[in-house]
Amino acid sequence: MVPPKAWVVINFSLGLVIVLLLLNLLGINLPSLGQVQYVLDREPPLCLAYWQGHYESWTDLDSCCLEAYKQLNCFFHQQNLEQGRVDWVCRTGESSVSYGLNAKAYRYCQQQSYWR
Amino acid sequence: MKMDNLKSKHKIVKKGRWTIHEKTFFVLIILVLILGGMNIAKARGLLIPFSPTPIVEDRTIELSSLTLDQKIAQMVVVHGSTWNMEQWKKMQVGGIHFFALKDAQLYEQTIIEYQKGMKVPFMVTADLEGCWNPFSYFHNFTALSEINTTEQAYQVGAEEGRFLHTLGFTLDFSPVVDLKDEIWKCRSFTGDKAQVTALAQAYIKGLQSQGVAATAKHYPGKTLVVQDPHKYIVAAEIDSADVYPFQLLAEGKELKGVMVSHIISSGAVDSGGKPAVVSSQALKSLRSEFNGIIFSDEVNMLGLKNYYSSLDDLYFDVFSSGNDVVVNFNEDPNEIYRMIQIVKKGVQEGKLSSEQIDASVKRILELKGFRVV
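Residues numbered from 1 in each chain as written. Chains lettered and ligands numbered in written order. Predicted model: local features only at pLDDT ≥ 70, side-chain atom pairs only at ≥ 80, totals over all residues.

Colleague: Tell me about the overall build of chain B, and name the residues and values.
Modeller: Helix and strand content of chain B: 13 helices and 13 strands. Each of the three principal axes of chain B carries a C-alpha extent, and together these read 105 × 45 × 45 Å. Within chain B, the fraction of its 373 residues that count as buried is 47%. Counting contacts in chain B only where the partners sit at least 6 residues apart, residues at least 24 apart contribute 73% of the total. (Helix = DSSP H or I, 4+ residues; strand = E, 2+ residues; numbered from the N terminus. Buried ≥ 20, exposed ≤ 12 C-beta atoms within 10 Å, placed from the backbone. Contact = placed C-beta atoms within 7 Å.)

Colleague: Talk me through the packing of helix H6 (residues 150-167) of chain B against helix H7 (residues 193-208) of chain B; I want residue IDs and the actual numbers.
Modeller: Residue and element names in this part refer to chain B. Two elements in contact, H6 and H7, have axes separated by 6 Å at closest approach and are oriented at 35 degrees. Handedness of the H6/H7 crossing: right-handed. The residues of H7 that touch H6, namely those facing Thr-150, Ala-153, Tyr-154, Gln-155, Val-156, Gly-157, Ala-158, Glu-160 and Gly-161, are Ala-198, Leu-199, Ala-202, Tyr-203, Ile-204, Lys-205, Gly-206, Leu-207 and Gln-208. Residues belonging to the contact of H6 with H7 are distributed by class as follows: 10 nonpolar, six polar and two charged. (Axes fitted to C-alpha atoms, helices over the stretch in contact; angles between N-to-C directions. Left-handed = near helix turned anticlockwise from the far one by under 90°. Nonpolar A, V, L, I, M, F, W, Y, C, P; charged D, E, K, R; others polar.)

Colleague: Account for the sheet that holds strand S1 (residues 56-57) of chain B, naming residues and giving values.
Modeller: All names here are of chain B. As summarised here, the arrangement of the three strands in space is S1-S2-S13, forming an open sheet in which the pairing is mixed. The sheet terminates laterally at S1 and strand S13 (371-372), the two strands that pair on one side only. In the sheet, S1 pairs with strand S2 (residues 60-61) via two bridges, with the strands oriented antiparallel. Note on S2: the bridge partner recorded for Glu-57 is Thr-60. (Pairing = 2+ DSSP bridges.)

Colleague: Which residues make up the pairing of strand S1 (residues 47-51) of chain A, and what values go with them?
Modeller: All names here are of chain A. The buried fraction of S1 amounts to four of the five residues, a majority that puts the element mostly inside the structure. Relative to strand S5 (residues 98-101), S1 runs antiparallel, the two sharing four bridges. Bridging from a neighbouring strand, Cys-47 pairs with Leu-101 of S5. Direction of pairing for S1 relative to strand S2 (residues 54-57): antiparallel, over a ladder of four bridges. Across the sheet, Ala-49 pairs through a bridge with Glu-56, a residue of S2. Between S1 and S2, which pair antiparallel in sequence order, lie two residues; one of them, Gln-52, sits at a positive phi of approximately 50 degrees.

Colleague: I'd love a proper account of helix H5 (residues 104-115) of chain B, names of residues and values included.
Modeller: Three- or four-residue spacings in an α-helix give side chains the same orientation, since the helix completes a turn every 3.6 residues. Residue and element names in this part refer to chain B. Between the first and last C-alpha of H5 there are 17 Å, a value that for 12 residues agrees with the 16 Å anticipated at 1.5 Å per step. For H5, the secondary structure elements touched by its buried residues are helix H4 (85-91), strand S4 (95-97), strand S5 (123-126) and H6. Among the residues trailing H5, Gly-117 stands out with phi positive, at a value near 80 degrees. (Expected span 1.5 Å × (residues − 1).)

Colleague: Tell me what's going on with the confidence of the model for chain A, and back it up with residues and numbers.
Modeller: Residues with a pLDDT of 70 or more make up 100% of chain A, whose mean pLDDT is 89. When pLDDT is averaged over each helix and strand of chain A, the minimum, 76, is found for helix H2 (residues 33-40) of chain A and the maximum, 95, for S5(A). (pLDDT = per-residue confidence, 0-100.)

Colleague: Any details on the environment of Trp83(B)? Residues and values, ideally.
Modeller: As for its position among the elements, Trp83(B) is in the loop between strand S3 (76-79) and H4. The spatial distance from the C-alpha of Trp83(B) to the C-alpha of Glu331(B) is 9.2 Å, given a sequence separation of 248 residues.

Colleague: Describe the domain arrangement of chain B, with residues and values.
Modeller: In many analyses, interface size is given as the accessible surface area lost on bringing the parts together. Its domain assignment divides chain B into domain 1 (1-40) and domain 2 (60-372). Taking only C-alpha atoms, the centre of domain 1 of chain B and the centre of domain 2 of chain B are 58 Å apart. (Domains from an automatic or database assignment.)

Colleague: I'd like a rundown of the interface of chain B and chain A, residues and numbers included.
Modeller: With 41 residues of chain B at the contact, the number on the chain A side is 36 residues. At the level of secondary structure, the elements contributing two or more residues to the side of chain B that touches chain A comprise helix H2 (20-43) and helix H10 (302-307) of chain B. Top contributing element to the side of chain B that touches chain A by residue count: H2(B), with 12 residues. Looking at the side of chain B that touches chain A residue by residue, the class counts come to 23 nonpolar, 12 polar and six charged.

Colleague: Residue-level account of the sheet that holds strand S4 (residues 84-91) of chain A, with values.
Modeller: All names here are of chain A. Spatial strand order, S2-S1-S5-S4-S3: five strands in an open sheet with antiparallel pairing. For this open sheet the edge positions go to S2 and strand S3 (73-81), each flanked by a neighbour on one side alone. Put simply, the sheet's adjacent strands are angled 30 degrees from each other on average, direction ignored. Where helix H3 (residues 61-70) meets the sheet, it contacts S1, S3, S4 and S5, and its direction lies at approximately 120 degrees from that of S5.

Colleague: Explain the packing of H2(A) against helix H4 (residues 103-110) of chain A to me, and be specific about the residues and the numbers.
Modeller: Each pair of packed helices gets described by two things: the angle between the helix axes and the distance between those axes. All names here are of chain A. One way to put it is that H2 packs onto H4 with a least axis distance of 9 Å and a crossing angle of 140 degrees. Put simply, H2 runs oblique to H4. The hand of the H2/H4 crossing is left-handed. Two secondary-structure elements touch here, H2 through Gly-34, Gln-37 and Tyr-38 and H4 through Lys-104, Arg-107, Tyr-108 and Gln-110. Looking at the contact of H2 with H4, its residues break down into two nonpolar, three polar and two charged. (Parallel < 35°, antiparallel > 145°, perpendicular 65-115°, else oblique.)

Colleague: Describe the pairing of S3(A), and please don't skip the residues or the numbers.
Modeller: All names here are of chain A. Of all the nine residues making up S3, zero are buried; the element is thus mostly uncovered. Taken together, the seven bridges between S3 and S4 define a ladder with antiparallel strand orientation. What sits directly across from Gln-79, in S4, is Val-86.

Colleague: Provide a residue-level description of the confidence of the model for chain B, including the pertinent values.
Modeller: Residue and element names in this part refer to chain B. Of all residues in chain B, 93% have pLDDT values of 70 or greater, and the mean over the chain is 91. Every residue in residues 9-13 is under pLDDT 50, and counting partners more than four places away or in other chains gives zero contacts. Both scores are given for the predicted complex: the pTM is 0.88, the ipTM 0.82.

Below you can see the structure in the form of structure tokens.
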């Protein structure tokens, strides 16, 4: 015999699941934890393009995100450079351009709909 | 008789014992199952209808035999991921673009799998421009900035074309003809406008000699210069030198494609305060000089999205402004399908002419080697 209080909890949880399933079905996205972190992070986003020992800041963050995503992998690798601190590196091979992003920029990239 | 009476009595009693909590639970669990099933169906693209198989005879396609959905789908290039392959094939999108993979075999196999059974094959695209190299895990190429002569440019173009053709690619979003590359310092040719144009021309000849179409980018220029952050969307003053390579290459009639950037341009090419990619003013200016395929740069960027209050308006504008092919790497096939439906609605409501759609589809199919009637 399930106590009435437990029924209330179960049914409330199911109701919540229904709301989430409905939102997903209708394509309505709730703000994620990453988005909240992105808003709260006061540090400016930083994207650096790296090629042959040379780092250059790329202020077109949208394009930077897309190019970073196109690389074979992104991994956490903190470095302090002249242009600022980099937390993530996205790259494919040694001979082509790779990208360094700080945490703020990386979170921005994660909000892009192609980013999985 | 007695037993029957007892049974029915028992049923009534049992029925009566269902509390409000149990009844609510039963209704909710049914709803969870239905909605869960619909979500799974949506995620697997099962809600997207199949497009009819196009009728192709002797490499000839009758344009009127394609549905409006099929025509608009042909105008879309998506990310050629393996997890969405069935949905892209079902929708018959025009092209698939590949990012970095670990080896050549993986590219070959995936492309073969994609093209299998397609009456109208996919345009298979890559971003190979020397130092921008999705294949760099297993193959290196010369950076465009390291090319000094037209002979060398032709050879590099031919080498890249041969490599791409072997893997199954049909189009390269290259070369960059922006006059300056202040960010990577490797993506564009060096020299003045005439030298850059001559090197690009030779590179294009080399690339296309191997059956891989070239795309000059990024119209109208100045996309590779260091800018101040401006809400993540970039504005630039374009002068006549910036558009010179595009004009000259277009005149040569060999160039197959031009890619338009998100830059808000003023000066020699005025995008009217809008990003060039959605500006009919900027695209009209390009179309007056160029009869090949106009590609949008990837549209799925927050900066461009934030320019619009609704994504539907962005989708509509990027088609109606005059792009022949819209590059959209959204990984959700339902979203790509939705984009197609928005454009379709625009055509049906007379906001976008079907002639414009037909002209774009004709260019695309001709690039794929079909005769279009």
